[in-house]
Amino acid sequence: MRRFCFIVCCLFMVVCGAKAQYLFGYFSYDNVLKQMPEYKQERAKLDSLKMQLDAETARVEKDFNEKYEEFLEGQKDYPPIILQKRQLELQDAMDRNVAFKEKSRAAYVQAERDVEDLLRVKINDAVKQVGAELRCAFILNTDGNVCPWMDASMGVDVTLQILDKLK
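Residues numbered from 1 in each chain as written. Predicted model: local features only at pLDDT ≥ 70, side-chain atom pairs only at ≥ 80, totals over all residues. Heavy atoms only, no water.

Undergrad: How would you sum up the sheet that holds strand β1 (residues 24-27)? Please name residues and give values.
TA: Adjacent strands of a sheet form backbone hydrogen bonds with each other and so pair up, either parallel or antiparallel. Spatially, three strands are ordered β2-β1-β3 in an open sheet, and the strand pairing comes out parallel. Each of the sheet's edge strands pairs with one partner strand only, and the pair in question is β2 (138-141) and β3 (155-157). Strand-to-strand, the axes of this sheet are offset by a mean angle of 25°, without reference to chain direction. (Pairing = 2+ DSSP bridges. Helix = DSSP H or I, 4+ residues; strand = E, 2+ residues; numbered from the N terminus. Axes fitted to C-alpha atoms, helices over the stretch in contact; angles between N-to-C directions.)

Here's what the structure looks like:
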């Protein structure tokens, strides 16, 4: 899809270039995203969340390991009914631990997505404003090797203008 958009933009430049000189803008989305003050703040919040989830996971694993070691030490002395009960308790604890790990990973991924979506909306709004102000025919995102070459004299790097709009 990105290559298709790039090809369409190039064809637009070729067709329009014969009629008049059109200006295009370009910038690195990732570069702008990482320079946003909100990105650094939200990244710190996400890092804190990850540390809390990792700490809780470690605590739960430690508790489980202690119970398992206790079970292994005493299993030869347990009557069959207690042995079966302890095995079921351990299995239940292990299932809950696995479910917690999955839920915490999913919660972290969703929190990351939510932050990125919020910041991308802000970037997109800033890009639209800059494009309108500079009267650009279009603005390219140079990330992901989508635009391996361009004649920079026919375009303008709009990174600084976008960052100004985001302040």
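Undergrad: Break down helix α3 (residues 37-74) for me, with residues and values.
TA: Its 38 residues give α3 an end-to-end C-alpha distance of 56 Å, which sits within 8% of 56 Å, the value for a rise of 1.5 Å per residue. When α3 is considered as a whole, its buried residues turn out to be Glu38, Tyr39, Glu42, Leu46, Leu53, Thr57, Val60, Phe64, Phe71 and Gly74. On the buried face of α3, the contacting elements are α2 (29-35), α4 (80-134) and α5 (159-166). (Expected span 1.5 Å × (residues − 1). Buried < 20%, exposed > 50% of the residue type's maximum accessible area, 1.4 Å probe, protein only. Contact = heavy atoms within 4.5 Å.)

Undergrad: Explain the packing of aromatic side chains residue by residue, including any values.
TA: Using the criterion set out here, one finds six aromatic pairs in the structure. Counting every residue linked through ring pairs, the aromatic cluster contains Phe64, Tyr68, Phe71 and Tyr78. Its end group placed over the ring of Tyr108, Lys50 keeps NZ or CZ at 5.7 Å from the ring centre. (Phe/Tyr/Trp six-rings, centres within 6.5 Å; stacked < 30°, edge-to-face > 60°. Lys NZ or Arg CZ within 6 Å of the ring centre and 35° of its normal.)

Undergrad: Let's hear about the pattern of salt bridges: which residues, and what values?
TA: If charged atoms from side chains of opposite charge come close, those side chains can pair. This model, assessed by the stated rule, comprises 15 salt bridges. One salt bridge in this structure joins Glu61 and Lys101, with 2.5 Å as the shortest N-O distance. You can see Glu61 sitting in helix α3 and its partner Lys101 sitting in helix α4, a full 40 residues away along the chain. Owing to a relative accessible area of 31%, Glu61 belongs among the partly exposed residues under this scheme. Residue Lys101 is classed as partly exposed on the basis of its relative accessible area of 38%. For Arg120, the salt bridge goes to Glu116, with nearest N and O atoms at 3.5 Å. Of the two residues, Arg120 and Glu116 are both situated in helix α4; the distance of four residues between them amounts to about one turn of the helix. On the basis of relative accessibility, which here comes to 34%, the residue Glu116 falls in the partly exposed class. (Salt bridge = Lys/Arg side-chain N within 4 Å of Asp/Glu carboxyl O.)

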